[in-house]
Amino acid sequence: MELVDKIIKGERAAIAKAITLVESSKDTDQQISRELISELIKKPGKSIRVGFSGPPGVGKSTFIESFGSYLVSQNYKLGILAIDPSSQITGGSILGDKTRMVEISKNPNTFIRSTPSRGTLGGISMGTREASIILDAAGYDFIFIETVGVGQSEIVASNLVDIFTLIVGPGSGDELQGIKKGITEYADIFIVNKNDGELKMEASKTAADYKSALSYYKKLDALEKQVLLVSAIEQTGMEDVIKTINQIIDQNKLKGIFDERRADQLEYWIEEEVKNIIASDITKRLTSKGNIPKYSEKVMKNEMSMYEAVETITKDTLKQ
Amino acid sequence: MTNKSNNGFNTWQKSFEKETKKNFSDAKSETDEGIDIKPVYTRDDLENFSFVENNSLPGQWPYTRGPKASMYTNRPWTIRQYAGFSTAEESNEFYKKNLESGQKGLSVAFDLPTHRGYDSDDDLVMGDVGKAGVAIDTVEDMKILFNNIPLDQMSVSMTMNGAVLPVLASFIVAGEEQGVDKSLLSGTIQNDILKEFMVRNTYIYPPEPSMKIVADIIEFTSKEMPKFNSISISGYHMQEAGADNVLELAYTLADGMEYVRAAMSKGLDVDDFAPRLSFFFAIGTDFFMEIAKLRAARTLWAKIMKNFGAKNERSLILRTHCQTSGVSLTEKDPYNNIIRTSYEALSAILGGTQSLHTNSFDEAIALPTDESARIARNTQLILQNETGVTKTVDPLAGSYFVENLTEELSKKAWDIITEIEELGGMTKAVKAGIPKLKIEESATKKQAKVDSGSRVVVGVNKYKNPKEPSVDVRVIDNNRVRDDQIKKIQAIKKSRDTIAVEKALTNLTNAAKDETNLLIPCIEAIKLRATVGEVSKALEQVYGRHFAKSLSVSGVYGKHFEGDEEFMKVESKIKEFENLNGRRPRVLVVKMGQDGHDRGAKIVATSFADMGFDVDMGPLFQSPKDVAKDAIENDVHAIGVSTLAAGHKTLVPELMKGLKEIDPKSKIIVFVGGIIPEQDYDFLYENNVSAIFGPGSNIIESAEKVIDLISDNLSKE
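How each quantity is defined
Residues numbered from 1 in each chain as written. Chains lettered and ligands numbered in written order. Predicted model: local features only at pLDDT ≥ 70, side-chain atom pairs only at ≥ 80, totals over all residues. Heavy atoms only, no water. Helix = DSSP H or I, 4+ residues; strand = E, 2+ residues; numbered from the N terminus. Buried < 20%, exposed > 50% of the residue type's maximum accessible area, 1.4 Å probe, protein only. Contact = heavy atoms within 4.5 Å. Areas by Shrake-Rupley, 256 points an atom, 1.4 Å probe, with all protein chains shown as cover. Pairing = 2+ DSSP bridges. Axes fitted to C-alpha atoms, helices over the stretch in contact; angles between N-to-C directions. Phe/Tyr/Trp six-rings, centres within 6.5 Å; stacked < 30°, edge-to-face > 60°. Lys NZ or Arg CZ within 6 Å of the ring centre and 35° of its normal. Core = buried A, V, L, I, M, F, W, Y, C linked by side-chain atoms within 4.5 Å. Expected span 1.5 Å × (residues − 1). Buried area = accessible area lost by both parts, 1.4 Å probe. Salt bridge = Lys/Arg side-chain N within 4 Å of Asp/Glu carboxyl O. Nonpolar A, V, L, I, M, F, W, Y, C, P; charged D, E, K, R; others polar. Patch = residues over 30% accessible without salt bridge, like charges linked within 9 Å, V, L, I, M, F, W, Y side chains within 5 Å. Lys, Arg positive; Asp, Glu negative; His and termini not counted. Charge placed at Lys NZ, Arg CZ, Asp CG, Glu CD. pLDDT = per-residue confidence, 0-100.

1. Observations concerning the overall build of chain A
No. 1: Helices and strands together make up the secondary structure of chain A, namely 14 helices and eight strands.
No. 2: Split into buried and exposed, the 320 residues of chain A put 49% on the buried side.
No. 3: At a minimum sequence separation of 6, the contacts of chain A that also span at least 24 residues come to 76%.
No. 4: Here chain A displays about 15,700 Å² of accessible surface, and carbon together with sulfur accounts for 55% of that area.

2. Observations concerning the sheet that holds strand β14 (residues 638-643) of chain B
Strand pairing within a sheet occurs via backbone hydrogen bonds; the two strands may be parallel or antiparallel.
No. 1: A sheet is described by the order of its strands in space; here six strands give the open sequence β3(A)-β13(B)-β12(B)-β14(B)-β15(B)-β16(B), paired in parallel fashion. Pairing within the sheet leaves two strands with one partner each, and these edge strands are β3 (93-95) of chain A together with β16 (689-693) of chain B. If you compare each strand with its neighbour and ignore which way they point, the axes differ by 25° on average.
No. 2: Across six bridges, β14(B) lies against strand β15 (residues 669-674) of chain B in parallel orientation. Paired with B:A638 across the two strands is B:I669, which belongs to β15(B).

3. Focus on the packing of aromatic side chains
No. 1: The final tally for this structure, using the stated rule, is 36 aromatic pairs over all chains.
No. 2: A centroid spacing of 6.4 Å and a plane angle of 70° characterise the contact between A:F111 and A:Y140, whose relative ring orientation is edge-to-face. One end of the pair, A:F111, is in strand β4 (residues 110-116); the other, A:Y140, is in the loop between α7 (128-137) and β5 (142-146), with 29 residues separating them in the sequence. Of the two residues, A:F111 and A:Y140, both sit in the buried class.
No. 3: Ring pairing ties together the aromatic residues A:F52, A:F63, A:F67 and A:F144, which thus form one cluster.
No. 4: Sitting over the ring of A:F258, A:K253 keeps its end group 4.9 Å from the ring centre.
No. 5: Sitting above the plane of the B:F683 ring, B:K649 keeps its charged end 5.2 Å from the centroid.

4. Describing the nonpolar core
Note on soluble globular proteins: their nonpolar side chains tend to be buried together.
Residues and elements named next belong to chain B.
No. 1: Within the largest apolar cluster, 80 residues are counted, with the highest numbers of intra-cluster contacts made by Y251, L253, Y259, W301, M305, M426 and I439.
No. 2: The element best represented in this core is helix α9 (residues 245-264), accounting for 12 residues.
No. 3: Those residues in contact with Y251, other than ones at most four positions away along the chain, are M198, M238, I416, I420, M426, P435, K438 and I439.
No. 4: Grouped together as the second largest cluster of nonpolar side chains are 65 residues, A83, A88, F146 and A511 included.

5. Some thoughts on the sheet that holds strand β3 (residues 78-83) of chain B
Residues and elements named next belong to chain B.
No. 1: The strand order β7-β6-β5-β4-β3-β11-β10-β9-β8 describes an open sheet built from nine strands, whose pairing is parallel. For this open sheet the edge positions go to β7 (228-229) and β8 (231-234), each flanked by a neighbour on one side alone.
No. 2: Relative to β7, strand β6 (residues 187-189) runs parallel, the two being bridged by two bridges. Looking at β7, one finds that T188 is bridged to N229.
No. 3: Across the sheet, helix α2 (residues 88-100) is in contact with β3 and β4 (105-109); its angle to β4 comes to roughly 155°.
No. 4: Running over the sheet, helix α11 (residues 287-307) touches β9 (277-283) and β10 (320-324) and is turned about 160° from β9.

6. Some details on helix α12 (residues 257-289) of chain A
Working note: α-helix, 3.6 residues per turn, so residues spaced by three or four point in the same direction.
Residues and elements named next belong to chain A.
No. 1: Spanning 33 residues, α12 covers 47 Å between terminal C-alpha atoms, matching the ideal 48 Å at 1.5 Å per step.
No. 2: Listed in full, the buried residues belonging to α12 are I257, F258, Q265, W269, E272 and R285.
No. 3: Looking one or two places after α12, you find G290, whose phi comes out positive at around 65°.

7. Focus: the interface of chain A and chain B
No. 1: Every contact between the two is made by 34 residues of chain A and, on the other side, 35 residues of chain B.
No. 2: Summing both partners gives a buried area of about 2,900 Å² for chain A against chain B, and 48% of it is carried by carbon and sulfur.
No. 3: For the pair chain A and chain B, the interface holds two salt bridges.
No. 4: Linking B:D635 and A:K17 is a salt bridge whose minimum nitrogen-to-oxygen distance equals 2.8 Å.
No. 5: Within the residue set of the side of chain A that touches chain B, elements represented by two or more residues are α2 (12-23), β3, α5 (97-100), α6 (102-106) and β4 of chain A.
No. 6: A per-class count over the side of chain A that touches chain B returns 10 nonpolar, 13 polar and 11 charged.
No. 7: Judged from the three bridges that link them, β3(A) and strand β13 (residues 614-617) of chain B form a sheet pairing that is parallel. Considered in β13(B), the bridge of A:S93 is made with B:D614.

8. Examining a negative patch on the surface
No. 1: On the surface, A:D259, A:E260, A:D264 and A:E267 cluster together into a patch of negative charge.
No. 2: Among the structural elements, A:D259 can be located in helix α12.

9. A short note on the pattern of salt bridges
All names here are of chain B.
No. 1: In this structure the tally under the stated criterion is 64 salt bridges over all chains.
No. 2: Where D394 meets R65, a salt bridge forms, and the shortest distance between an N and an O atom there is 2.9 Å. Pair noted here: D394 is in the loop between α14 (370-385) and α15 (400-423) and R65 is in the loop between β2 (36-37) and β3, with a separation of 329 residues, a long-range link. The exposure classification of D394 matches that of R65, with both residues buried.
No. 3: Look at the salt bridges and you will find they share partners, linking K212, D216, E219, K223 and K266 into a network.

10. With respect to the confidence of the model for chain A
No. 1: In this model, chain A carries an average pLDDT of 84, and 85% of its residues clear a pLDDT of 70 or more.
No. 2: By mean pLDDT, helix α9 (residues 176-186) of chain A is the weakest element of chain A at 59, and α2(A) is the strongest at 95.

11. Observations concerning the pairing of strand β6 (residues 163-168) of chain A
Residues and elements named next belong to chain A.
No. 1: Within β6, six of the six residues are buried, leaving the element largely enclosed by the surrounding structure.
No. 2: Alternating residues of β6 divide into I163, T165 and I167 and F164, L166 and V168, and every residue in both groups is buried.
No. 3: Pairing geometry for β6 and strand β7 (residues 189-192), over four bridges, is parallel. Its bridge partner being in β7, T165 is matched across the sheet by I189.

See the structure below:
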């Protein structure tokens, strides 16, 4: 495929077109995109995929702008896939990432793509996984996947990345009780932002709170979860972040966790794909047979119980 | 005595209901401000006031009727026309001509690079030099600007907020080198940074250091320049950005309160500086509302200043400059603008303004020509000399309607002011982005009313002129201006004492680290011929440059079109597009260069999104190259360029070049909207622009054209 060569050469427009293809809901596009991904996956790059999430208002984009600038200044190539939360259920969306990552978006060593989340599961859009495969093949050293923290999204996002980072603000330690269950399990690094000016004390205290809370969550096989203090505005703490990322990646590779994770993720995605296909197939069958309204009416008339109706419809739909 | 209980009113009400076939209680019309206007007002409507005092007199508490006892009967308002373009030489010529024709004060418009603290030779400002105002790089330019204009006799108003320090310093040094001591300089510097963060975006530093600079200037002028107004607290740009009159009034006064606090925090007594605070309001087409706004503003400010503990009567009095609304001007049927401006001017006069700028009719498309500037000035001269409006002070006092409206506006504004105060004042509110969002919401509503036809704009959405007149406009060759400025900068840099300049700039940087009044080291640097850009950068080292986060409203526009056929037609075209192409049409809306007026871009973004487009919003101050990269990486179908500062002839071709550089086969289409003289249309089309939308364009129609263009373009593949 001509597109494959262009992507591997790193041609910006080709990468962009390819991402459009994998995000497209059009049948023919999906066909091409499957072929494309099958080709690209044979030529993997060396990207490290890092997930960033966190509640709104903690300075996530400012952090990414700041950390990204640092990486680019160290001659890394950086791809960013931003899932924009501002989409609406009806109507289109306004994608504002460009107004939040002004400096790095100018740099020739970055590729920044934002995608409206369209209200799909956990804010991860269709095609995010494929887009990261494209950027990997195109030779980007790091791929950031940015999602907004709405609970569910972390779990899906963490199944896309090699390392998952949660960004929090000073003072959020108190909320830890509420959010820790799911997230602490999935996140590898906790970054406490806004360690600057008047908030410095508060930020250190929050970091300490996280550290003590996380000590209960030690896993035997993985590296201890890390808590880091940064200031996106003053660009401090960035070396620590990259050092920690590299450390975790190296450790995980050494212990085989890195590959294990990727294998687990592959299983997860295969399962998701299969479920999706089955679900859409079943939905089609259900609608075409019109069994639900038919049996629902019978239940209403007390001709059969709801459970009998469910059982009959299920059997009828699954045979064939 | 209550009228409603008497027979007279009942009889009137019956007649009214018979004539209109409507219940009296339903016969109200709601204004943009959410005020219900009744078909008739009576003496009853003068009761239960909490702000307006029925028996007050001009020049007396609460100053509703005017700051002075005699008002125009003694001396008419000052005709102060805002102008400036290209080089200092050309602006100076223009000023001198205007002064000869009856203008009394000068008002300087600076170009965008000067506002944002860049020298003309900076790559970032390529398209903007000399375009929307005059370029000032050093004190030499300032001296040329006022050549043969004696600064001890002429009051000079300067619209400057971002680069206030180097510009005011240059003005002071220019005076000094003319032989005029700073204590004799009179005039005003706008110095109102808070509204820049809300609407106009010509800031340089973040809010806190910017507020410190404002306070430094208030402190310096209160001690050293007794005839100079240290600040002009401006609502003008809020209304221009789409704020209704309550928002304009409330936010302006709330800004004023924040400046008072900033100055007091420097240890100044409120009466030391308050008499030198001045205001600046926009006057739009809602005739009585605008009159009431000025009356309400004075009433509220007196109350506010009393609460601050002001003892000097002059501290309580709000004095204001007004300008007729630029946003009410239309590109279509442009001579209508002369009429609009005349009514707006009359509103300002009946409201009791101290000085006035009347817009030229061609300002919806370009900078005024000598001829259009003359008509604008004459609008005021006719009011002063022919109509008799100067003969009575506050002639509308006692009008049931106007007094009631003054009270209503005061009440509504006071509620908003109280809200802002509860948030901790305007700096905090601005940092949280609240006023900006409220103004954008109001702007979007107004636009929706015009587009849906529920608000009539003559010559635009009704009574269209079948034969649009063509109008000659002033053309600025910004490349020539830029070359001239660069030559001047180079010559100055060669002849000045470089070591001394560097030392002065280091002093300035150091001063920014502590509490020193920055104007003093600034004057030193400017005297040694440091440039505006160098001075700004010296401070930037400590303060950094501010980048605004952008919040957007959604759903506001679409709400006005529920069930609207045109709107639904575009919606369904977009759905069809999505089904056919597997994604929604995607448009990148951008501002390029130093033009920070983003109302238009924001309205387009939010309304396009409401119709079903995916809209990428670019940051302010982007270079064409950056825009091209964004557009290609996000694989957008189209780029919408919003331009209000005349930089399009340089910036659009650069964008086209940028796109082709990254992707020679790029099929991204480009459309342009904003203030574009018809003379430039051919040039833009030749540069492959697909569509141009001038001021007053209907957004739904524009959206339909864009989706059609995108579809056509794709079907060619």
